[in-house]
Amino acid sequence: GENVEQHPSTLSVQEGDSAVIKCTYSDSASNYFPWYKQELGKGPQLIIDIRSNVGEKKDQRIAVTLNKTAKHFSLHITETQPEDSAVYFCAASLASNDYKLSFGAGTTVTVRA
Amino acid sequence: NAGVTQTPKFQVLKTGQSMTLQCAQDMNHNSMYWYRQDPGMGLRLIYYSASEGTTDKGEVPNGYNVSRLNKREFSLRLESAAPSQTSVYFCASSEQASVEQFFGPGTRLTVL
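Quick summary incoming for the structure in this document. Keep in mind that this is a model prediction, so the values were computed, not measured. (Residues numbered from 1 in each chain as written. Chains lettered and ligands numbered in written order. Predicted model: local features only at pLDDT ≥ 70, side-chain atom pairs only at ≥ 80, totals over all residues. Heavy atoms only, no water.)

### Focus: the overall build of chain A
Looking only at helices and strands, one finds zero helices and eleven strands in chain A. Here chain A has a C-alpha radius of gyration of 14 Å; the compact-globule value for 113 residues is 13 Å, and the two agree. Projected onto the principal axes, the alpha-carbon positions of chain A cover approximately 45 × 30 × 20 Å. Counting all 113 residues of chain A, 46% fall into the buried class. When contacts within chain A are restricted to residue pairs at least 6 apart in sequence, long-range pairs at least 24 apart make up 53% of them. Accessible area for chain A stands at about 5,500 Å²; split by element, carbon and sulfur atoms hold 45% of it. In chain A, 11 positive and 13 negative side-chain charges are present, and the distance between their average locations comes to 3 Å. (Helix = DSSP H or I, 4+ residues; strand = E, 2+ residues; numbered from the N terminus. Rg over C-alpha atoms; globule rule 2.2 N^0.38 Å. Buried < 20%, exposed > 50% of the residue type's maximum accessible area, 1.4 Å probe, protein only. Contact = heavy atoms within 4.5 Å. Areas by Shrake-Rupley, 256 points an atom, 1.4 Å probe, with all protein chains shown as cover. Lys, Arg positive; Asp, Glu negative; His and termini not counted. Charge placed at Lys NZ, Arg CZ, Asp CG, Glu CD.)

### Things to note about the side chain of Q25 of chain B
All names here are of chain B. Mapped onto the fold, Q25 is located in strand β3 (residues 19–25). Engagement of the side chain of Q25 in a polar contact is seen with the backbone nitrogen of N28, the distance being 3.2 Å. Looking at Q25, its side chain comes within polar contact range of the main-chain oxygen of H29, at 3.0 Å. (Polar contact = N/O pair within 3.5 Å; in protein donor to acceptor, adjacent residues only side chain to side chain.)

### Observations concerning the packing of aromatic side chains
Remark: the centre distance and the inter-plane angle together describe each pair of aromatic rings, the angle taken between the planes. Within the structure shown, the criterion is met by 14 aromatic pairs over all chains. A centroid spacing of 5.6 Å and a plane angle of 90° characterise the contact between F103 of chain A and Y35 of chain B, whose relative ring orientation is edge-to-face. Residue F103 of chain A is found in strand β10 (residues 102–103), and its partner Y35 of chain B is found in strand β4 (residues 31–37); the two belong to separate chains. Looking at F103 of chain A, the relative accessible area reads 8%, which means it is buried. Look at Y33 of chain B and Y48 of chain B: their rings are 6.4 Å apart centre to centre, the planes differ by 15°, and that puts the pair in the stacked class. Taken as a pair, Y33 of chain B in strand β4 and Y48 of chain B in strand β5 (residues 43–49) lie far apart in primary sequence, 15 residues in all. Across the pair, Y48 of chain B and Y33 of chain B agree in class, each one buried. Taken together, the aromatic side chains of Y36, F89 and F103 of chain A together with Y33, Y35, Y48, F90 and F103 of chain B make up a single cluster linked through ring pairs. (Phe/Tyr/Trp six-rings, centres within 6.5 Å; stacked < 30°, edge-to-face > 60°.)

Below, the structure written as structure tokens:
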């Protein structure tokens, strides 16, 4: 099955700086890559996703890039704010497997004021 | 809309006891999922239901059973709880496979 690795496991940044989280996947057939944010005591919530026919996608301060050749994708958060502090999960899925999501282990992001 | 709701929020069981975790969604979604979340391991899929009347195993189905009661409800049953099943359980739903999954608030289960 699909194996998703996520790095780093923890990330501490100064408010206003950028944060970057990287993920790699094993199955070259994977074609859907969402990112979820989980705040303390809550369920994960989708913040951005990208499909394999797109190399980059932006939504305000958040961007995701995909390198299909290298089988890795990254989340970029610019101008970080205290409310960006959370656990972030990357995931990958493929159509032939009913789009079941395989998640990375998560990155705990702390934004220091 | 309440979105995805889960009951109970917390539960403590003794080894060997059984229980059912309840999940309901009011978004008229076709697909529903059960995940468990353990420290350092992300979320792992236990079972999913692509549509009403169908269920399939995920990555870690052993020790669990599910029932898709109707389009709204998808329950997870532990027949004989084990300490290894101590975890946070999340239910999720989506309009169809491949699009955004909406997660419930989770059930924190401890098996002693």
